[in-house]
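Structural description and commentary
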Amino acid sequence: MSSVFTVLVVDDDFHVADLHRRQVDEVPGFRALEPVGTLAAARSALSSRTVDLVLVDVYLPDGSGLDLLRSIDTDAFVLSAASDSGTVRRAMRSGALAYLIKPFAAGVLAERLQAYARSRNVLDERSTLDQEAVERAFRILHAGDSGGASPSRAATAALVLEQLVAGEERSAAEVAAAIGVSRATAQRYLAQLTADGIVAMQLRYGAAGRPEHRYVRR
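Conventions and cut-offs
- Residues numbered from 1 in each chain as written.
- Predicted model: local features only at pLDDT ≥ 70, side-chain atom pairs only at ≥ 80, totals over all residues.
- Heavy atoms only, no water.
- Salt bridge = Lys/Arg side-chain N within 4 Å of Asp/Glu carboxyl O.
- Helix = DSSP H or I, 4+ residues; strand = E, 2+ residues; numbered from the N terminus.
- Buried < 20%, exposed > 50% of the residue type's maximum accessible area, 1.4 Å probe, protein only.
- Arc of directions from axis to C-beta.
- 1 Å grid on protein atoms, 1.4 Å probe; cavity = no way out; pocket = protein on both sides within 12 Å on 5 of 7 lines; lining within 4 Å.
- Points joined across faces, edges and corners; volume = space filled by probe spheres on them.
- Nonpolar A, V, L, I, M, F, W, Y, C, P; charged D, E, K, R; others polar.
- Core = buried A, V, L, I, M, F, W, Y, C linked by side-chain atoms within 4.5 Å.
- Contact = heavy atoms within 4.5 Å.
- Patch = residues over 30% accessible without salt bridge, like charges linked within 9 Å, V, L, I, M, F, W, Y side chains within 5 Å.
- Areas by Shrake-Rupley, 256 points an atom, 1.4 Å probe, with all protein chains shown as cover.

**What to know about the pattern of salt bridges**
Applying the stated criterion across every chain, the model contains 13 salt bridges. With a shortest N-O distance of 2.4 Å, Arg70 and Asp67 are connected by a salt bridge. Of the two residues, Arg70 and Asp67 both sit in helix α3 (residues 65-71), three residues apart, roughly one turn of that helix. Its relative accessible area of 33% is what places Asp67 among the partly exposed residues. In this structure, Asp124 engages Arg120 in a salt bridge whose closest nitrogen and oxygen atoms are separated by 3.0 Å. Taken together, the residues span about one helical turn, with Asp124 and Arg120 both in helix α5 (residues 108-124) at a distance of four residues. A residue is classified by how much of its surface remains accessible, and Asp124, at 34% relative accessible area, is partly exposed. Residues participating in the shared-partner salt-bridge network are Glu169, Glu174, Arg204, Glu212 and Arg214.

**Notes on helix α2 (residues 39-48)**
All buried positions along α2 are accounted for by Leu39, Ala42, Ala45 and Leu46. Projection of α2 onto a plane perpendicular to its axis shows the buried side chains occupying an angular sector of 125 degrees, all on one side. Set apart from the buried face of α2 by more than 90 degrees, the exposed residues are Ser47 and Ser48.

**Some remarks on helix α8 (residues 172-179)**
Those residues of α8 that sit buried are Ala172, Val175, Ala176 and Ile179. Along the axis of α8, the buried residues cluster in a sector spanning 100 degrees; they form a single face. Looking one or two residues beyond α8, the residue adopting positive phi is Gly180, at roughly 80 degrees.

**Describing the layout of surface pockets**
Gaps between atoms show up when a probe of the same size as a water molecule is rolled over them. One number sums up the size of the largest pocket: a volume of about 380 Å³. Lining the largest pocket are 22 residues, and of these Pro28, Ala117, Leu161, Ile198 and Arg217 lie nearest its centre. Of all the elements in the fold, those that place two or more residues in the lining of the largest pocket are α5 and α7 (151-162). Looking at side-chain class alone, the lining of the largest pocket contains 12 nonpolar, six polar and four charged residues.

**Overview of the nonpolar core**
Within the largest apolar cluster, 23 residues are counted, with the highest numbers of intra-cluster contacts made by Leu8, Val10, Leu46, Val54, Val56, Leu68 and Val78. Contributions of two or more residues to this core are made by β1 (5-10), α2, β3 (53-56), α3 and β6 (75-80). At four residues, the largest contribution of residues to this core is made by α2. Residues contacting Val10, with those up to four places away along its chain left out, are Val36, Thr38, Ala42, Val54, Leu55, Val56, Asp57, Leu60 and Leu68. Grouped together as the second largest cluster of nonpolar side chains are 20 residues, Phe30, Ala98, Leu100 and Tyr116 included.

**Examining a nonpolar patch on the surface**
A contiguous nonpolar patch, built from Met201, Leu203 and Tyr205 and spanning about 320 Å² of accessible area, is present on the exposed surface. Residue placement: Leu203 occurs in strand β8 (residues 199-204). On the accessibility criterion, Leu203 (41% relative accessible area) is partly exposed.

Next up, the structure:
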């Protein structure tokens, strides 16, 4: 399972491209490459290295970003000012996993990236999937989680995840104390992250009493 997702931003507006690059880099588990501004440059970048996700505008100097979607075998979001239903439908038919209309509020892209990571973790957890896993991956991708996470819930989940460092175990009580929520709340979010495949749960047995649940980031 990949621990870091590599992202390529394709937008001919330098300032917008750099803004989106920085937004990607601020999301734990994601790393943005140097943005490119044309279809030709995007195809060159994609042919020279492995990219997990492309963030592409519709309007590019040498063609439509939707043409790029149809010609590559890479996950992609469309980030565009185009808001007509025809363009959105063509983007969906071309394979876009998400469509964000520019300009969008700060944090929207981060939420979509986090949902993408959780969905990928569900799909990558095992080589053969059952119907429940497939449906869960789609729900996570399009709703944030199985119940349609609100921004506040998404923010809390992100805070919980930030407390987990790869290779370092923490309990629900420790996470709760660090971010200022109840132990039950931390436990609920940790259980969800575990179900999504982002976090692993281990049991630690003490001298007496019930074993303690310990969580570690994958």
